[in-house]
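Coordinate inspection notes
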Amino acid sequence: MSSVETIHVDGEWRGAASGAQREVLDPADAKTLAVVSEGGADDTDAAVTAARRAFDTGSWPHTPVAERAALLRRVADLLVRDREEIALTESRDTGKTLAEGRIDVDCVADAFRYFADLVVAEGAGRVVDAGSATVHSVVVHEPVGVCALITPWNYPLLQASWKIAPALAAGNTFVIKPSEVTPLSTVLLVKLLAEAGLPAGVANLVTGAGDPVGARLSEHPGVDLVSFTGGLTSGVKVAQAAAPTVKKVALELGGKNPNVVFADACATDEDFDTAVDQALNAAFIHSGQVCSAGSRLIVEESVRERFVAELARRAEKIKLGRGTEEGVECGPLVSAQQLDKTEAYVASALAEGAVLRCGGSQPEPNEVRPAAGYFYAPTVLDGCHREMKVVREETFGPILTVETFRTEDEAVALANDTEYGLAGAVWTKDAGRARRVAGRLRHGTVWINDFHPYLPQAEWGGFGKSGTGRELGPTGLAEYREAKHVYQNLAPEPVRWFAG
Ligand code: NAD
């Protein structure tokens, strides 16, 4: 495969039908990292046709569950074998540190193993008691069909695996469209699927832009399900494009995630250090380009000054640089567009009265931080309130806003005052309060005295405009299945409803 043949259709690697190509940039220096095929509507149609044929006439949907699970486990083993190469690719493409890239690959392998185990454990379906000895009634799981999988640039391979692993486990065929900003690791993964023995046509890949490739997949009559992870604006377009063909739609969209810190969580110096450290991690890991980033610190008024001062002191020390450099703690933003967006959010916050406690600009270049890279200093904005744009919208950059509360009710009201509802955390030593607040938060994941962990066996997804549907856990497999009721009369007799 040459570097520009990144479209995979029916088991073959090819370039775009139009011959178009795209340069993928290294966000650390804005230089060309790779050249990929720029697919269009024709390539997308060819991929859907291949996936359709593999589903309608191929073996994969009927392959015994144990064999499908075995293939998924082989993929996990291949990911472990190629861990360094894939982690390096992900680090260079997204800008994240190599250490984060390695963690991503491990999590991707875990997802493949998890869905392999789950699909075997869940069995073929369940027998239903029809209330008659002469009726045998079962509900069986069947694959949905051809799945369109559309993924974002922040966790390219991880988001792909949360879709590919359950889709394959359930017996579907698919066309994946990675973000045009970070397509490289998905190309590697699709190669591994073929190496693991997946029949041609089951896994197809089209690299290219959201419109036309993602848009065509969403509206395509040959697609039965579209699973999309990305921003709210694109998600709405996907849902609209999918509606006329009544295909299943799962949307994993953005978040504006509150991190609620009660004063009692800072009672001792050790507690204080933990809460600050986790707030720092919540907001700034991967430069805040995380759907569940804890970008809204909601801290009890009595501890605010000490908390924010320490947070800003530590945020200023975060080592920014190229993700592959030793000692670097945070990479660049993924693109010039993301950098511009971050600058605009900070400017609007300051214009609306926020107080800059640290950051607020691009850092000085140095030997690990080329001048052309999309670096931005971790930024803490104090004195924020819910009317500010920076508090309401998902910034997806290294920006932490600070709001304060005095009562538990006020904290909950603030934390729920968002159109999103992806994730949030509550920090407190009071077990009753922890459970009360967790119960009242309208978010798909709530952490108590922690931030960011997820488990493959626990559902992930959002309330409100953070999306529809769930990934991971049993629901994450159910998304890729149809339930079919098969009712068998063992002793059929005439009904005699009609007398004649
Ligand atoms: P994006 O919406 O710009 O792009 C996501 C994907 O959609 C890309 O592959 C893009 O090419 C494609 N796309 C764009 N327009 C399209 C259209 N009209 N039709 C079909 N596809 C289209 O998002 P992004 O900037 O790549 O990613 C960041 C967003 O993803 C953030 O909002 C983040 O919160 C969200 N995200 C959510 C989760 C989650 O689990 N909920 C996880 C990761 C990222």
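Keep in mind it's a predicted model, so treat the numbers as computed, not measured.

**Here's the deal with the overall build of the protein chain**
Each helix and strand in the protein chain was counted, giving 15 helices and 20 strands. The C-alpha radius of gyration computed for the protein chain amounts to 24 Å, which stays within 12% of the reference 23 Å derived for 500 residues, consistent with globular compactness. With 500 residues in all, the protein chain has 55% of them scored as buried. In the protein chain, 73% of the contacts between residues at least 6 apart in sequence involve partners at least 24 apart. Taken together, the 49 basic and 68 acidic charged side chains of the protein chain have centroids lying 3 Å from each other.

**Concerning helix α5 (residues 156-169)**
Here α5 contains 14 residues, and its C-alpha end-to-end distance of 20 Å stays within 8% of the 20 Å for a straight helix at 1.5 Å per residue. Burial runs high along α5: 14 of the 14 residues are buried. Looking one or two residues beyond α5, the residue adopting positive phi is Gly-171, at roughly 95 degrees.

**Focus: the sheet that holds strand β6 (residues 135-143)**
Two orientations exist for strands paired in a sheet by backbone hydrogen bonds: parallel and antiparallel. Sheet architecture is open: 3 strands sit in the order β5-β6-β20, paired in antiparallel fashion. Of all the strands in the sheet, the pair left with one neighbour each is β5 (125-128) and β20 (481-489). When the angles between neighbouring strand axes are averaged without regard to direction, this sheet yields 20 degrees. Judged from the 4 bridges that link them, β5 and β6 form a sheet pairing that is antiparallel. Bridge pairing in β6 places Arg-126 opposite Val-139.

**With respect to the site of the ligand**
Surrounding the ligand, one finds 28 residues, the nearest of these being Thr-151, Trp-153, Glu-180, Ser-234 and Glu-394. Here an oxygen atom of the ligand sits 2.6 Å away from a polar atom, N or O, in the side chain of Glu-180. Note that an oxygen atom of the ligand is positioned 2.5 Å from one of the side-chain N or O atoms of Glu-394. In the complex, 89% of the free accessible area of the ligand, which totals 850 Å², lies under the protein chains. Its residues assigned to classes, the shell around the ligand shows 12 nonpolar, 11 polar and 5 charged.

**Here we look at the UniProt feature "active site" (unreviewed entry) in the protein chain**
In this structure's numbering, the residues bearing the UniProt feature "active site" (unreviewed entry) are Glu-252. In this structure, Glu-252 sits in strand β11 (residues 248-252). Residue class for Glu-252 comes out buried when judged on its relative accessible area of 4%. In contact with Glu-252, not counting residues within four places along its chain, are Phe-228, Thr-229, Gly-230, Trp-460, Gly-461, Gly-462, Ser-466, Thr-468, Gly-469, Arg-470 and Glu-471.

**A few points about the packing of α5 against helix α6 (residues 184-195)**
The packing of two helices is summarised by the inter-axis angle and the distance between the axes. Axis separation between α5 and α6 bottoms out at 10 Å; the angle between their running directions is 30 degrees. Considered as vectors, α5 and α6 are oriented roughly parallel to each other. Seen along the crossing, α5 lies across α6 with a hand that is right-handed. When α5 is examined against α6, the residues Pro-156, Leu-157, Ile-164 and Leu-168 are found in contact with a partner set consisting of Ser-185, Thr-186, Leu-189 and Leu-193. Of the residues in the contact of α5 with α6, the class split is 6 nonpolar, 2 polar and no charged.

**Some points on the side chain of Ser-292**
Turning to its location among the elements, Ser-292 is positioned in the loop between α9 (269-284) and β13 (296-300). Those residues in contact with Ser-292 that sit more than four places away from it in its chain are Asn-257, Leu-422, Ala-423, Trp-447, Phe-451, His-452 and Trp-460.

The rules behind the values
Residues numbered from 1 in each chain as written. Predicted model: local features only at pLDDT ≥ 70, side-chain atom pairs only at ≥ 80, totals over all residues. Heavy atoms only, no water. Helix = DSSP H or I, 4+ residues; strand = E, 2+ residues; numbered from the N terminus. Rg over C-alpha atoms; globule rule 2.2 N^0.38 Å. Buried < 20%, exposed > 50% of the residue type's maximum accessible area, 1.4 Å probe, protein only. Contact = heavy atoms within 4.5 Å. Lys, Arg positive; Asp, Glu negative; His and termini not counted. Charge placed at Lys NZ, Arg CZ, Asp CG, Glu CD. Expected span 1.5 Å × (residues − 1). Pairing = 2+ DSSP bridges. Axes fitted to C-alpha atoms, helices over the stretch in contact; angles between N-to-C directions. Near = heavy atom within 4 Å. Polar contact = N/O pair within 3.5 Å; in protein donor to acceptor, adjacent residues only side chain to side chain. Areas by Shrake-Rupley, 256 points an atom, 1.4 Å probe, with all protein chains shown as cover. Nonpolar A, V, L, I, M, F, W, Y, C, P; charged D, E, K, R; others polar. UniProt positions renumbered as here; feature names shortened; annotations may be inferred. Parallel < 35°, antiparallel > 145°, perpendicular 65-115°, else oblique. Left-handed = near helix turned anticlockwise from the far one by under 90°.

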